[in-house]
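Now for the letters of each chain:
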Amino acid sequence: MSFRLANRAGQAVLLDGQDYWALGADPMDALTRPQELHDRWASRNAPDGQVTLAELGPPVPAPMQVFGYGLNYMDHIEELDREDPLGSAASEAPVVFTKFPTCLAGPAAPVQLVGDYCDYECELVVVIGVETSNVDEGQAWDRVAGLMIGQDISDRALQTAASPPQFNLGKSRASFGPTGPALVTPDLVDNPDDLAISCRINGELRQNSRTSLLMRPVAEMVSYLSLILTLHPGDIIFTGTPGGVGHAQGLYLKPGDVITSEIEGLGALENVCI
Ligand code: ZN
């Protein structure tokens, strides 16, 4: 399957650069019909028009479930001075939290800061394509509809306010989940397990890594969740962020900051903090 699926004003569109083709469908319905999207993509000719990043909503606006993996790149673990969760006890469970779907926002949506400790986390985001339970790693990629860029914006103060800490609310404030610009099928990127990923704040490079450095790769993350619960079409997995977050440097987001998040083959998000 090959297509790039986006959300223009609440309607599903195919997106190629700035060109779009209207599908006359709800974005959540559209992603359940990959063969139709593939056929429309393969036969696309004159576009219906052009769209700017700011006109796009989140490609998957209303998933049933949104998961976030934490501590999934070694340099991020090191910068937080945490113990390697895979080190002494290789069987230890991964750190997984939820971002509630109401936090999802478009690829150029403003990020509404609250307090003085909001932070950026550029991440590869995986979108599930079909109902999935008990899938092994060898079959996991077959259950993936596509990939997006995501920002796991985090209110560090709220994330650590309770004891023991509960990440869910601090990562779920309104606008804390910019995603997009499009849901891109894995075959349209060179190697879906090895993509350059970077984040700039006001043009300054803060995060710069590759998804091949994910300690638990995509297939393992999908399989692990599917052994616990049923994954549904449109479910989203934020896969973790590489080193370079603001929290580790005492550099939190300020109003006016521009967050530019890029992943090879997927495009870029550009979110202004307000
Ligand atoms: Zn994260």
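Data block above holds the structure.
Residues numbered from 1 in each chain as written. Predicted model: local features only at pLDDT ≥ 70, side-chain atom pairs only at ≥ 80, totals over all residues. Heavy atoms only, no water.

Observations concerning the overall build of the chain
Just so we agree on the cut-off: By definition, any uninterrupted DSSP run of H or I lasting at least four residues is a helix, any uninterrupted run of E lasting at least two residues is a strand, and each is numbered from the N terminus. For the radius of gyration, the atoms used are the C-alpha atoms, and the globule rule reads 2.2 Å times the number of residues raised to 0.38. Each residue is placed in one exposure class: buried if its accessible area under a 1.4 Å probe, protein chains only, is under 20% of its type's maximum, exposed if it is over 50%, and partly exposed if it falls in between. Any pair of residues with heavy atoms lying within 4.5 Å of one another is described as a contacting pair. Surface exposure here means Shrake-Rupley accessible area, sampled with a 1.4 Å probe, where a residue is shielded only by the protein chains that are shown.
Along its length, the chain carries seven helices and 18 strands. For 274 residues, the compact-globule estimate of 2.2 N^0.38 gives 19 Å, and the C-alpha radius of gyration of the chain, at 18 Å, lies within 12% of that figure. C-alpha atoms of the chain, sized along the principal axes, occupy 50 × 45 × 30 Å. When each of the 274 residues of the chain is scored for burial, the buried share is 51%. Sequence-distant contacts, at least 24 apart, represent 77% of the contacts inside the chain between residues at least 6 apart. With the model as given, the accessible surface of the chain reaches about 11,300 Å², and the carbon-plus-sulfur share is 50%.

Some details on the pattern of salt bridges
Note the threshold: Salt bridges are defined as contacts in which a side-chain nitrogen from Lys or Arg sits within 4 Å of a carboxyl oxygen from Asp or Glu.
Inspection of every chain in the model, using the stated rule, returns 13 salt bridges. Aspartate 119 is paired through a salt bridge with arginine 156; the nearest N and O atoms lie 2.9 Å apart. Highlighted residues: aspartate 119 in strand E9 (residues 118-119) and arginine 156 in helix H5 (residues 156-159), separated in sequence by 37 residues. We note that aspartate 119, like arginine 156, is buried. When the shortest N-O distance is used, the salt bridge between arginine 210 and glutamate 264 registers 3.2 Å. In this pair, arginine 210 sits in strand E15 (residues 204-210) while glutamate 264 sits in the loop between strand E17 (258-263) and strand E18 (267-272), placing the two residues 54 residues apart along the sequence. In this structure arginine 210 comes out as partly exposed when scored by relative accessible area, which is 33%. On the basis of relative accessibility, which here comes to 30%, the residue glutamate 264 falls in the partly exposed class. In this structure, a network of salt bridges that share partners links the residues Lys99, Asp119, Glu121, Asp152, Arg156 and Lys171.

Quick notes on the coordination of the zinc ion
Each angle at a metal carrying four tetrahedral donors should ideally be 109.5 degrees, and each at a metal carrying six octahedral donors should ideally be 90 or 180 degrees. So the rule is basically this: Sites may look incomplete, because water is not among the atoms used; the donor set itself consists of N, O and S atoms within 2.8 Å of the metal (3.2 Å for Na, K and Ca).
With distances of 1.9 to 2.1 Å, the protein atoms coordinating the zinc ion are Glu121 (OE), Glu123 (OE) and Asp152 (OD). Coordination of the zinc ion draws on donor residues from a single chain, spaced E-x1-E-x28-D in sequence. Grouping residues by exposure puts glutamate 121 and glutamate 123 together as buried.

Section: the state of the cysteines
Two cysteines form a disulfide when their sulfur atoms are joined by a covalent bond. We count it as follows: Cysteine sulfurs are considered disulfide-paired once they come within 2.5 Å of each other.
Using the criterion set out here, one finds zero disulfides in the structure. No disulfide involves cysteine 118; its sulfur sits 8.1 Å from the nearest other cysteine sulfur, which is in cysteine 273. Assessed through its relative accessible area of 0%, cysteine 118 is described here as buried. As a non-bridged cysteine, cysteine 199 has cysteine 122 as the owner of its nearest cysteine sulfur, 5.4 Å distant. A relative accessible area of 0% means that cysteine 199 is categorised as buried.

Details of the side chain of serine 198
Topologically, serine 198 is positioned in strand E14 (residues 196-201). Not counting the four nearest positions on each side in its chain, serine 198 is found in contact with Cys122, Leu205, Gln207, Asn208, Thr260, Ser261 and Glu262.

Observations regarding the environment of tyrosine 117
Position of tyrosine 117 relative to the elements: it lies in the loop between strand E8 (104-105) and E9. Sequence spacing of tyrosine 117 and aspartate 155 is 38 residues, and the spatial spacing of their C-alpha atoms is 5.7 Å. Non-local contacts of tyrosine 117, meaning those with residues more than four positions away in its chain, are made with Ser154, Asp155, Arg156, Ala157 and Tyr252.

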